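Examining the three-dimensional arrangement
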Amino acid sequence: QLAVPVAVVFAPGSVPGDLPRPLPFRDVQEMEISVNLRTTVTSRYETVYRSTTAQEEAALEAATAGEADAALHLLQDASLGSLTLYVVPENSSLLPQGISVYVGKHRSALVRAEGNLAALRIRLQQLTQVMSFTASSITAALSDRVPDGQLGPDARRHLKSSLGTDVLNPDPKSHAVEWDIEDAVNRYVQPVLDKLSLVANFSVDSQILYYAVLGVTPRFDKESSSFLLSAHSLPHVINPVEARLGSSAASLYPVLNFLLYVPERSHSPLYIQDKDGASVNTNAFHSPRWGGIMVYNVEAPASPQASLPLHVDVDMVRVMEVFLAQLRLLFGLSREELPPEFLLESPGNEGLADWELDRLLWAHTVENIATVSTTLTSLAQLLDKIGNIVIKDDVASEVYRAVASAQKAMAELAAGHLHSAFQASKDAVTSSERAFFDPSLLHLLYFPDDQKFAIYIPLFLPMAVPILLSLAKIVREARQRKKEPTKMD
C-alpha cells in the first residue's frame, strides 16, 4: 500500500461552495493497481483540505508563479513523497492565460479554482498522477512480475540501481578534438548526481579513444551529400564500441556510457535516421540500461589546403543537453504527455525537480521490495531442495534482517514515509543478496544421495566383493562346524 500525504490549500476567494463540511477536513481516496493475479498495489491519497495561513497568502501575492513557488517552498512540508497543492481564484494573475495548473520545482503546485468540488477533484487527481506515481510507473517497477506483452517498449529502459563519458575520434590525423569535460561535469552533471545521491552512489570517468570505429558502414545519400545511419543498424554500433571501452570490465557496478563520436573525414557529415527515415534532431540515440551515443559533426575546412589535423573545440552545452536528457530517460524520469493547460517549471541546473525525485523513489522502493521477495523465495526453494545444506548463523541473521527490513519498508510506505521506506528497502535488498550469494550456500558444495551413491559405489564395490565373499565363506564354515558331531574318545 502506497500512502501519499496531500495538502489542498485554498487561497481566499477560491473555496468551492459545495464543500461537504467546513475547513479543515480530511478525505481518503484509494485506487488498486493490479500487476498480476497475485500482486496488487493499493494507492492511498490521504488529503487534508485547509485554508492558507497568513504567510502563504503573502507568498501567493508574488508577481509570478515561479516566485510564488520559491516562497512557498520555505513554508511547506519538505518530507519526501508529500504534495502541497494551492488552489488560487479563477481570476488570479499568477497563472498565465490558458494555464490551469502550474507545477513547480519542489513539491507544490498552483491550481486554478474550478467552481465546484467535483471538477476540482478531477483536476487534483490528474495532478497527483503527474507528481507522485502512475499505474504505468508502478507496473514498470514490477516488470519482472508482469505477463509478457502487457508492457510498453520503454518499461524496462530504466537502470535497476558510475558514469563513463567518452570521445571517440576515429581519425586523429584529421581532427584534434578537445573538450572541457571537467568543467562540463561540474556544471551540468554533478548537480543531477547530487540530487540522485539518495538513489545510488556515482563516480564519473572520462576518456578519449582514437581510431575507434563504429563497426557499421554508413550509407551515402547523394541528395544531401551526407552519410546516413539507419535505425535498424544502430544496435550493431554498440558491440564494437563497447569492446574498446573496457569500463564494464573495470567496474563491479552498473555502468552508463555516454559517447561522443566525431566521424572521420571520409564519412562526414554523418546523420542518424529514425524508423521513418527522418533525420534525428539531436543526432543521438540511446540503448536501455547501457547509455547513449551522440554523433558530433565537424564542419569541413573552408579551403582544401587547410592544414591537418583540424582543431575542434566541442560545444559542451549542446552535448550535455543531449547526455542529460538520455540520463533522465535511463533513470525512468521521462515525462508523460500532459494536457495543454498544464505548465511545468524547468528544474534548472539541478536536472530534476523534487517531485520527480519522489516519483523515482516510489518506483525504486516498490521494485526493491519485489526484488527482496523474489530473492528470498529463490533462496527458500534452494534450501528445500538440498536437505543436507548447512546454514550458518550469519546467513540466517541476514535473512531475518532482510525480512524485517522489507516489512518495515512496507509499513513505512503504508504510513506515507517515503524516505524511511526507501532506506529500509535498500537495507532489505543488501541483506537478501548477502544471504543468497553467501559462499557457504553454493549448491555445488552439497551432493544429493543418488549422486553420492553414483560416486562412491564404483570406488568401493571392487573392494567390497572379495570382503563379502570372504564373509560368506566364514559364515558357511561356521554353520558346517555346528552340524558336524563332536568326536568322543
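Everything discussed here concerns the structure shown above.
Everything in this summary refers to the structure shown in the same document. Bear in mind that the values here come from a model prediction, so they are computed numbers and not experimental data.

1. Some thoughts on the nonpolar core
Membership of the largest hydrophobic core comes to 78 residues, with the highest contact counts inside it found for Leu-127 and Met-131. Leaving out residues up to four positions away in the same chain, Leu-127 has contacts with Leu-85, Val-101, Val-103, Ala-109, Val-111 and Phe-342. The next biggest cluster of nonpolar side chains, apart from the first, holds 19 residues, and it includes Ala-212, Val-216, Tyr-261 and Trp-290.

2. A short note on the packing of helix H9 (residues 354–385) against helix H10 (residues 393–415)
Orientation of H9 relative to H10, taken along the N-to-C sense of each, is 150 degrees, at an axis distance of 11 Å. As the angle between them shows, H9 and H10 are arranged roughly antiparallel. Judged by the twist between their axes, the crossing of H9 over H10 is left-handed. Contacts between H9 and H10 involve Trp-362, Thr-365, Ile-369, Val-372, Leu-376 and Leu-379 from the first element and Val-399, Ala-402, Val-403, Ala-406, Ala-409, Met-410 and Leu-413 from the second. Residues that form the contact of H9 with H10 fall into these classes: twelve nonpolar, one polar and no charged.

3. Section: a nonpolar patch on the surface
A cluster of nonpolar residues, Ile-455, Tyr-456, Leu-459, Phe-460, Met-463, Ile-467, Leu-468, Leu-471 and Ile-474, forms a patch on the protein surface that exposes about 930 Å² of accessible area. A relative accessible area of 51% places Ile-467 in the exposed class.

4. Quick notes on the sheet that holds strand S4 (residues 83–88)
Paired through their backbone hydrogen bonds, the strands of a sheet run either parallel or antiparallel. Spatially, seven strands are ordered S2-S3-S1-S4-S6-S5-S17 in an open sheet, and the strand pairing comes out mixed. A single partner strand is all that each edge strand has here, and the edge strands are strand S2 (25–34) and strand S17 (342–344). Across this sheet, the average inter-strand angle for adjacent strands is 20 degrees, counted without regard to direction. As paired elements, S4 and strand S6 (residues 108–112) share five bridges and run parallel to each other. Within the sheet, the bridge partner assigned to Thr-84 lies in S6 and is Ser-108.

5. A look at unusual backbone geometry
Peptide bonds are mostly trans, and most non-glycine residues show a negative phi. Going from Leu-23 to Pro-24, the amide bond is cis rather than trans, its omega being -5 degrees. Structurally, the position occupied by Pro-24 is in the loop between strand S1 (2–10) and S2. Note the cis peptide between Ser-268 and Pro-269, where omega equals -10 degrees. As for its position among the elements, Pro-269 is in the loop between strand S12 (256–261) and strand S13 (270–272). In this structure, Asn-283 takes a positive phi of about 55 degrees despite not being glycine.

6. Focus on the packing of aromatic side chains
In this structure the tally under the stated criterion is nine aromatic pairs. Centroid distance Phe-25 to Tyr-49: 4.8 Å. Interplanar angle 20 degrees. Geometry classified as stacked. Here Phe-25 is found in strand S2, whereas its partner Tyr-49 is found in strand S3 (residues 40–51), with 24 residues between them in sequence. With relative accessibility at 6%, the residue Phe-25 sits in the buried group. Each member of the aromatic cluster is reached from another via a ring pair, and the members are Phe-10, Phe-25 and Tyr-49.

Reading the values: the criteria
- Residues numbered from 1 in each chain as written.
- Predicted model: local features only at pLDDT ≥ 70, side-chain atom pairs only at ≥ 80, totals over all residues.
- Heavy atoms only, no water.
- Core = buried A, V, L, I, M, F, W, Y, C linked by side-chain atoms within 4.5 Å.
- Buried < 20%, exposed > 50% of the residue type's maximum accessible area, 1.4 Å probe, protein only.
- Contact = heavy atoms within 4.5 Å.
- Axes fitted to C-alpha atoms, helices over the stretch in contact; angles between N-to-C directions.
- Helix = DSSP H or I, 4+ residues; strand = E, 2+ residues; numbered from the N terminus.
- Parallel < 35°, antiparallel > 145°, perpendicular 65-115°, else oblique.
- Left-handed = near helix turned anticlockwise from the far one by under 90°.
- Nonpolar A, V, L, I, M, F, W, Y, C, P; charged D, E, K, R; others polar.
- Patch = residues over 30% accessible without salt bridge, like charges linked within 9 Å, V, L, I, M, F, W, Y side chains within 5 Å.
- Areas by Shrake-Rupley, 256 points an atom, 1.4 Å probe, with all protein chains shown as cover.
- Salt bridge = Lys/Arg side-chain N within 4 Å of Asp/Glu carboxyl O.
- Pairing = 2+ DSSP bridges.
- Phe/Tyr/Trp six-rings, centres within 6.5 Å; stacked < 30°, edge-to-face > 60°.

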